[in-house]
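Single-letter residue listing:
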There are 2 protein chains.
Amino acid sequence: MTNLHEVSFLGFDVFGTVVDWRSGVARAAAPFLQRHGLNVDPLDFADQWRGLYQPSMQRVRSGERPFVTLDVLNRENLESVLARHDADFGGITNAELVDLNKAWERLDPWPDSVTALTRLKGKFSIGALSNGHIAGMLNLAKFGGLPWDVILGAEIAGTYKPQPQTYLKSAKAVGLAPAQIAMVAAHNSDLAAASAIGLKTVFVRRPTEHGPGQTSDLKAEQDWDVIVDSLTEAADALGC
Amino acid sequence: MTNLHEVSFLGFDVFGTVVDWRSGVARAAAPFLQRHGLNVDPLDFADQWRGLYQPSMQRVRSGERPFVTLDVLNRENLESVLARHDADFGGITNAELVDLNKAWERLDPWPDSVTALTRLKGKFSIGALSNGHIAGMLNLAKFGGLPWDVILGAEIAGTYKPQPQTYLKSAKAVGLAPAQIAMVAAHNSDLAAASAIGLKTVFVRRPTEHGPGQTSDLKAEQDWDVIVDSLTEAADALGC
């Protein structure tokens with residue numbers, strides 16, 4: 001990995017790369033959907049909720065609305081999806097929505113994540129470089145045992161990936177030049193944005209993030225510095 | 001600890017409470033002082049450098065200057081102390097000053113810190129709630145093995161303790177109300193400010209932070225929620 005010899009910090013995408021959001025959100029949604037007589041498959045519900053993620057962040061990226069943290073967007077998106085299914089909001093308490101929204105803070109790591117992150121942490125500083133907010137990333141780490149050294153990303157930067165400022169302000173926060181940081185992600189778009197401003201790149205294939213019928217990010221679309229099938233392989237490749 | 005039953009997050013002062021800045025700064029300064037023929041005891045030099053810490057932050061707190069991170073203040077203060085000793089700046093490289101300034105990122109934890117923090121981390125979320133900057137706190141954690149879940153404090157808040165916003169914005173970042181957070185510090189002034197806005201308080205006596213002749217913070221000056229002589233005792237008192 002000679003082209004990574006300057007790297008001392010690994011910044012991780014989290015949703016999809018380190019944790020399995022789809023199963024976890026479906027698990028949390030299932031009893032809620034049943035309780036309120038909503039006839040939708042929990043995995044489909046998770047996909048639909050997640051489907052509003054990028055458009056809602058885009059309104060922040062474009063400047064159409066000021067930065068708000070991801071829990072705020074997720075809550076709005078939850079209500080949108082429920083409305084689409086003609087949910088009876090009169091029968092749903094705010095406490096239930098708050099709790100369901102916290103599904104995003106109670107997601108299982110992929111089976112390789114914790115052990116591999118622990119190995120990587122021995123050689124590098126490691127941090128979440130996610131669009132999640134600090135509290136969500138903290139709670140997710142406590143839930144799943146993710147051993148972050150630091151939590152960076154959207155809330156530190158005041159904007160969302162793939163805006164360059166998200167990577168640049170995260171780099172500045174840890175006192176490093178972009179070339180001293182590798183972005184680790186299962187999404188080619190994330191790596192493309194990071195690479196464009198000088199970060200190194202580690203692509204981790206997560207072909208079931210979106211379920212068995214996934215069509216996106218099934219392979220590396222550019223010549224990333226490291227291309228692997230798990231964080232375990234990333235740790236191997238990075239000499240940990 | 002019935003009055004702490006709501007607490008789920010412990011925010012730690014770091015310099016003096018968790019790490020021994022005086023010995024570490026003196027250790028780094030000694031060869032520099034000798035190399036440049038500066039006839040000052042390294043421990044005195046550390047004290048003098050640290051002596052400019054509060055006044056330099058005060059200029060930020062008062063609004064006299066915009067927020068800058070602590071490494072910037074420490075560097076300015078280093079040059080001030082060197083000037084006081086008639087250092088020949090023509091013979092000192094910038095790289096030497098950069099390196100010496102990083103002494104604040106290479107400080108030994110007090111002997112009890114790492115084990116006790118690890119115990120506390122099993123029951124609570126734990127984070128640096130320091131006037132240090134994120135990179136400095138990260139590097140200090142890697143140097144000494146401090147197992148933070150998250151790094152909060154001055155850079156998150158854009159101001160310095162004991163300004164209320166430092167605690168309040170740190171609390172907001174972890175999604176908690178002030179009463180759900182306990183401030184852990186060896187400094188009565190830090191706890192007084194935290195307590196005034198509703199945080200719980202843990203006083204840890206560190207009677208040699210300033211060396212054998214220390215005159216400040218030798219005892220709890222108010223009825224803090226927990227008053228102990230080490231972080232080990234704090235872990236005991238908090239049922240960890």
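Residues numbered from 1 in each chain as written. Chains lettered and ligands numbered in written order. Predicted model: local features only at pLDDT ≥ 70, side-chain atom pairs only at ≥ 80, totals over all residues.

1. Some words on the relation of the copies chain A and chain B
The cut-off we apply is this: To superpose the copies, least squares is applied to the C-alpha atoms of every residue with a pLDDT of at least 70 in both. Two residues form a contact once the distance between their C-beta atoms, set from the backbone, is within 7 Å.
Taken as rigid bodies, chain A and chain B are interconverted by a rotation of 180 degrees and an axial shift of 0.0 Å, the fit giving an RMSD of 0.0 Å. Taken together, these values place the two copies in the relation of a two-fold axis. For chain A, the smallest separation between a C-alpha atom and the rotation axis is recorded for A:V150, amounting to 2.7 Å. A share of 100% of the interface residues of chain A reappears at the interface of chain B, consistent with the copies meeting face to face through the same patch.

2. Looking at the confidence of the model for chain A
Rule in force here: As a per-residue measure, pLDDT reflects the predictor's confidence and takes values from 0 up to 100.
On average, residues of chain A score 97 in pLDDT, and 99% of them are at 70 or above. With a pTM of 0.96, the predicted complex shows an ipTM of 0.94.

3. Some words on the nonpolar core
Quick note on the threshold: Nonpolar core, as used here: buried Ala, Val, Leu, Ile, Met, Phe, Trp, Tyr and Cys residues forming one set through C-beta atoms within 7 Å. We call a residue exposed when 12 or fewer other C-beta atoms sit within 10 Å of its C-beta, buried when the count reaches 20 or more, and partly exposed for counts in between; the C-beta positions come from the backbone.
In this structure, A:A29, A:V174, A:M183, A:A234, B:A29, B:V174 and B:A234 are the most contacted members of the largest nonpolar core, which totals 154 residues. Excluding anything up to four places from it in sequence, A:M183 contacts A:G11, A:L129, A:D190, A:L191, A:A194, A:L199, A:T201 and A:V202.

4. What about the interface of chain A and chain B?
To keep it simple, the criterion reads: The secondary structure listing takes helices from DSSP runs of H or I that are at least 4 residues long and strands from runs of E that are at least 2 residues long, numbered from the N terminus.
Facing the 13 residues of chain A at the interface are 13 residues of chain B. Looking at the side of chain A that touches chain B, the elements that each hand over two or more residues are α7 (134-144) and β3 (150-153) of chain A. It is α7(A) that provides the largest number of residues to the side of chain A that touches chain B, a total of 5 residues.

5. Some remarks on the packing of helix α3 (residues 53-61) of chain B against helix α4 (residues 70-84) of chain B
Residue and element names in this part refer to chain B. This is how it is decided: Here an axis means a line fitted to C-alpha atoms, over the contact stretch when the element is a helix, while the angle between two N-to-C directions is reported on a 0 to 180 degree scale. The labels follow the angle: roughly parallel below 35 degrees, roughly antiparallel above 145, roughly perpendicular from 65 to 115, and oblique for the rest. Crossing handedness: left-handed means the near helix sits turned counterclockwise from the far one by under a right angle, and right-handed means the same turn made clockwise.
At a minimum axis separation of 10 Å, α3 and α4 run at an interaxial angle of 130 degrees. Viewed along their axes, α3 and α4 adopt a mutual orientation that is oblique. Between α3 and α4 lies a crossing whose hand is right-handed. Two secondary-structure elements touch here, α3 through Y53, S56 and M57 and α4 through L73, E76 and N77.

6. Focus on the domain arrangement of chain A
Residues and elements named next belong to chain A. The line we're drawing: Domain start and end points were adopted from an automatic or database domain assignment. Basically, the charged four are Asp, Glu, Lys and Arg, the nonpolar ten are Ala, Val, Leu, Ile, Met, Phe, Trp, Tyr, Cys and Pro, and anything else, Gly included, counts as polar.
According to the domain assignment, chain A contains domain 1 (2-20 + 108-237) and domain 2 (21-105). Between the C-alpha centres of domain 1 and domain 2 the distance comes to 24 Å. Tallying the contact residues gives 21 residues for domain 1 and 15 residues for domain 2. Put simply, the parts of the chain that give the side of domain 1 that touches domain 2 at least two residues each are α7 and α8 (154-157). The residue inventory of the side of domain 1 that touches domain 2, partitioned by class, reads 6 nonpolar, 11 polar and 4 charged.

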